[in-house]
Amino acid sequence: RVHGEASRESTRHAAAVMSAMTVSDTENGKDTTDDRFRTLHLLFTLGATPLTPIKGSRFYDICRVLLLLGSYLTPPLMIMGALHNLDDIPFIMEVARPLIAIFSVLWMHFFIRYKMQGVRDLLNIAKTFTWSDTPSSNRRTNAGLISRVQRLALRTHITVAVSHTSYLILRIVTKSNNTLFFNTWVPFDGESNVAYVLILIIQAFASWVYILMLVGPLSLYSALVAACCTQLEKIQIGLLNVRQGEEDSAWAMKSRLAECVKHHQKVFRFMVIMEDTFYVVLLGPFLSMAAGLCFTTYTIITMAGNYAEIIQVFLVVFAMMAELLIFCWLGNELTEQSGQVRKAAWSSNWVGAGVSLQRSLSIVMTVSKDFTLTAGKIIPVSRRTMLLVLNETYTYFMFLLNFVNKSSGDK
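No experiment lies behind these values; they were computed from the predicted model shown. Throughout, residues of each chain are indexed from 1 in the direction in which the sequence is written. Two thresholds apply to this predicted model, a pLDDT of at least 70 for residue-level local features and 80 or more for giving and counting side-chain atom pairs, whereas whole-chain, interface and lining totals are computed over all residues. Note that water and hydrogens are dropped before the side-chain values are worked out from all heavy atoms of the structure.

### Comments concerning the packing of helix α4 (residues 89–114) against helix α8 (residues 250–298)
Turning to step 1, where the next piece is worked out: Put simply, α4 and α8 touch, their axes get as near as 8 Å, and they point 170 degrees apart. Taken together, the axes of α4 and α8 are roughly antiparallel relative to one another. Counted together, M93, A96, R97, I100, F103, S104, W107, M108, F111 and I112 of α4 and V280, V281, L283, G284, P285, S288, G292, F295 and T296 of α8 form the full contact between these two elements.
Turning to step 2, where the next piece is worked out: Residues of the contact of α4 with α8, tallied by class, amount to 13 nonpolar, 5 polar and 1 charged. Note on geometry: axes are C-alpha line fits, over the in-contact stretch for helices, and angles between N-to-C directions span 0 to 180 degrees. The helix count covers DSSP runs of H or I at least four residues long, the strand count covers runs of E at least two residues long, and both are numbered beginning at the N terminus. Any angle from 65 to 115 degrees is called roughly perpendicular, while one under 35 is roughly parallel, one over 145 is roughly antiparallel, and all others are oblique. Throughout, a contact is declared for two residues whenever any of their heavy atoms are within 4.5 Å. Only Asp, Glu, Lys and Arg are considered charged, only Ala, Val, Leu, Ile, Met, Phe, Trp, Tyr, Cys and Pro nonpolar, and every remaining residue, Gly among them, polar.

Laid out in structure tokens, this is it:
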């Protein structure tokens, strides 16, 4: 009786969810499935890493090479600048803070390019999913998250790009010293007007690409996880509705269950490809996260009154925390949704059904296991990992602070 009441409650919940999912993929007679990831394509195209090959555009190819060359040459020049100023501790700290964030961004960008075929396979599979009954306009759903994160990423990029441009114009108009975005070594006289303008242009475009390299992979990861979670929710609803009433025939129930199994196989293949694509992409940020946050937050106590550097610190910390939060929170959501499939099979109205259907549901519950994304096949991407990273950051920070205070006391 208890199980029957739970099954009826689950069925009513499924019916309520299904009644809320009324948004169609057709809008004014036009199929909008291909538009679901349009902003992602735009962000990666602007970031010199198109998700789909662009043929016949020589101008774009030249721009892409120049942008990537400037982006990947800037960190070595920053390191050389630090080596040329080893006696200037504030200079080295000012170089190290953005360099840690740039390392994380370039790591993600490089391995996304390396795993681009996997990214394209994921987008192609996502287009084959059924979206006709998913509430893409509802912000509280995973389906609504797909479009929302892309809009947020685009607005973030525009906001930061405008801020950089305004800052650049202001520094040029006021003829202020040290107007470069990054402290770097240059192999020629940087005091001349031509050399200064050239360096400034290169670093401005590098900064722009770094922003795209940050918001692009984060929005791609978020959209793909949200798409996968949406399909897992549809599977759960399908399992809850395998047996809709006592009058259902055995053939109808087996047909619904077969559709759920086929759908689950496609989603499981999607998750496997996502793990194979992102496990190396996520490794770099997780390796540098604790040390980077510790070092960056520690430098706050050494820059009293220097508001420009404080702003830089908060920007770097914001970028790292955004990476950690998005990766771990959404990775944990994917694990929870994959585990809910087993609970949905158990909560379906199987009491009184045929032995064959009960055996099939038992098999579904057996093979449906929690799926966990990993960083480097060793670090689980979950909220627990996020708390561990923050705890390690606090531990390193206190150790460094105590060590410096003890050294100062001894002196």
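So, next bit.
### Here's the deal with the packing of α8 against helix α10 (residues 355–367)
Turning to step 1, where the next piece is worked out: Look at α8 against α10: their axes get within 11 Å of each other, and the N-to-C directions meet at 10 degrees. Between α8 and α10, the interaxial angle falls into the category roughly parallel. Judged by the sense of rotation from one axis to the other, the crossing of α8 with α10 is left-handed. Along its contact with α8, which presents M253, K254, L257 and V261, the element α10 presents S356, L357, S360, L361 and V364. Should the near helix be turned anticlockwise from the far one by less than a right angle, the crossing is left-handed, and should it be turned clockwise, the crossing is right-handed.

### Points about empty space enclosed by the protein
Turning to step 1, where the next piece is worked out: Here a cavity is any set of points on a 1 Å grid over the protein atoms alone where a 1.4 Å probe fits but cannot get out, and a pocket is any open set with protein on both sides within 12 Å along at least 5 of 7 lines; a residue lines the site when it has an atom within 4 Å of a point. Grid points are joined across faces, edges and corners, and a volume is the space filled by probe spheres set on the points. Overall, the coordinates contain 1 cavity of 30 Å³ or more when judged by the stated rule.
Turning to step 2, where the next piece is worked out: Size it by volume and the largest cavity reaches roughly 60 Å³.
Turning to step 3, where the next piece is worked out: Lining the largest cavity we find L43, F44, G47, T49, H109, L212, M213, G216 and P217.
Turning to step 4, where the next piece is worked out: For the lining of the largest cavity, the residue count by class is 5 nonpolar, 4 polar and no charged.

### Quick notes on the packing of aromatic side chains
Turning to step 1, where the next piece is worked out: Stacked, tilted and edge-to-face pairs are distinguished by plane angle, under 30 degrees for stacked and over 60 for edge-to-face with tilted covering the rest, among Phe, Tyr and Trp rings (Trp via its six-membered ring) whose centres lie within 6.5 Å. Tallied over the full model, the rule gives 10 aromatic pairs.
Turning to step 2, where the next piece is worked out: Judged by centre distance (5.1 Å) and plane angle (90 degrees), the ring pair of F110 and F111 falls under edge-to-face.
Turning to step 3, where the next piece is worked out: Looking at F110, the relative accessible area reads 45%, which means it is partly exposed.
Turning to step 4, where the next piece is worked out: The rule is simple: take the accessible area with a 1.4 Å probe, protein chains only, and divide by the maximum for that residue type; under 20% is buried, over 50% is exposed, in between is partly exposed. Relative accessible area serves as the criterion here: at 17%, F111 is assigned to the buried category.
Turning to step 5, where the next piece is worked out: Chaining the aromatic ring pairs together yields one cluster made of F103, W107, F110, F111 and Y114.
Turning to step 6, where the next piece is worked out: A cation sits over an aromatic face here: K377 above Y279, 4.7 Å from the ring centre.
Turning to step 7, where the next piece is worked out: Between the NZ or CZ atom of R383 and the centre of the ring of W329, over which it lies, the distance is 4.6 Å. Whether a charge sits over a ring depends on NZ of Lys or CZ of Arg being within 6 Å of the ring centre and within 35 degrees of the ring normal.

### Comments concerning the state of the cysteines
Turning to step 1, where the next piece is worked out: Here, a disulfide means two cysteine sulfur atoms that sit within 2.5 Å of each other. Under the counting rule described, the total for this entry stands at 0 disulfides.
Turning to step 2, where the next piece is worked out: Looking at the unpaired C229, the closest cysteine sulfur is the one in C228, lying at 5.9 Å.
Turning to step 3, where the next piece is worked out: Judged by relative accessible area, C229 falls into the buried class, the value being 1%.

### Remarks on the environment of L77
Turning to step 1, where the next piece is worked out: Positionally, L77 belongs in helix α3 (residues 58–83).
Turning to step 2, where the next piece is worked out: For L77, a relative accessible area of 27% translates into the label partly exposed.

### Some points on the side chain of Q231
Turning to step 1, where the next piece is worked out: By secondary structure assignment, the location of Q231 is in helix α7 (residues 193–240).
Turning to step 2, where the next piece is worked out: Residue contacts for Q231: discarding those within four places in its chain leaves F129, T130, W131, H263 and V267.

### A look at the UniProt feature "transmembrane region" (unreviewed entry) in the protein chain
Turning to step 1, where the next piece is worked out: UniProt positions are given in the numbering used here, feature names are shortened, and annotations may be inferred rather than shown by experiment. Look at the UniProt record and you will see "transmembrane region" (unreviewed entry) annotated at residues 65–83, 95–112, 152–174, 194–215, 278–304, 310–330 and 386–404.
Turning to step 2, where the next piece is worked out: Secondary structure across residues 95–112 comprises 100% helix and 0% strand; the distance between its end C-alpha atoms is 26 Å.
Turning to step 3, where the next piece is worked out: Taken end to end, residues 194–215 is 100% helix and 0% strand, and its two terminal C-alpha atoms sit 32 Å from one another.

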